Amino acid sequence: MRKPIVLMALLVLLAGCAPADGTDPSPSSSSPSASTATPSPGQTASPPTDAQVTWAGTVCGEVSTVQTDVQGLATAAVTGGDSVGTAVSNQMDTVSASVSALVDTVKSPPENLGDDPELLAVQESIDTVDQSFTTLRASASAVEGTSGATLVDALATLVGDTGTVLSDVGAAAQTISTATQDTSSTLGQAFRAAPECADLTS
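Report on the accompanying structure. (Residues numbered from 1 in each chain as written. Predicted model: local features only at pLDDT ≥ 70, side-chain atom pairs only at ≥ 80, totals over all residues. Heavy atoms only, no water.)

## Some details on the side chain of Ser132
Here's step 1: Relative to the helices and strands, Ser132 resides in helix α4 (residues 119-143).
Here's step 2: Residue classification places Ser132 among the buried residues on the basis of a relative accessible area of 10%.
Here's step 3: Beyond its immediate chain neighbours, meaning those up to four positions away, Ser132 contacts Thr164, Val165 and Asp168. (Helix = DSSP H or I, 4+ residues; strand = E, 2+ residues; numbered from the N terminus. Buried < 20%, exposed > 50% of the residue type's maximum accessible area, 1.4 Å probe, protein only. Contact = heavy atoms within 4.5 Å.)

Structure follows, in structure tokens:
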């Protein structure tokens, strides 16, 4: 009976690691959109292009996908039963793909964003997610082929590392939310104009 009790307790603790709903400010629905927008009062940067808004929306959508996929990994770890190793392995493939897509997107911003004051902060926050994911991947590998008390310990480590990744994803979302408030930033305007970012920061 020790295994389900311990793992359910870990899942309850993990729930506290996920980003809280309603804590981040929502982007304005009246934000400038794409290349036809004109600067609003206090806005000093150039309005974003269509490509910049699309890129910003892709970043936000992929951050949300990583969060959902990592939460799915935590669920697989505590509800996998006798096939927990397979469930974790399969979900880890999904997480790996979504993290890789996010990292690739963030590393390849469109033209004229390289000097934006908000870009480096966003890239650094995603680098942190990628670093904690490396630890998570090792924890997931340790689950395979184990049983008994060794399996319980491996799953406990996995759930803990899952919480770390979720915390880092939440921090990345907050970095994006902070960028949306900067009216002097082209990237901030792009995040505000992308519908996917409204969902992420609401």
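## What to know about the packing of helix α5 (residues 148-180) against helix α6 (residues 186-193)
How two helices pack is summed up by the angle between their axes together with the distance between the axes.
Here's step 1: Running from N to C, α5 and α6 point in directions that differ by 105°, and their axes come no closer than 7 Å. Relative to α6, the element α5 is oriented roughly perpendicular. Between α5, through Ile176, Ala179 and Thr180, and α6, the contact on the second element is made entirely by Gly188, Phe191 and Arg192.
Here's step 2: Split by residue class, the contact of α5 with α6 holds 3 nonpolar, 2 polar and 1 charged. (Axes fitted to C-alpha atoms, helices over the stretch in contact; angles between N-to-C directions. Parallel < 35°, antiparallel > 145°, perpendicular 65-115°, else oblique. Nonpolar A, V, L, I, M, F, W, Y, C, P; charged D, E, K, R; others polar.)

## With respect to helix α3 (residues 84-106)
Here's step 1: The first and last C-alpha atoms of α3 sit 33 Å apart over 23 residues, in line with the 33 Å expected at 1.5 Å per residue.
Here's step 2: Taken residue by residue, α3 has Val84, Gly85, Val88, Gln91, Met92, Val95, Ser98, Val99, Leu102, Val103, Thr105 and Val106 as its buried positions.
Here's step 3: Where α3 is buried, its residues touch α2 (50-79), α4 and α5. (Expected span 1.5 Å × (residues − 1).)

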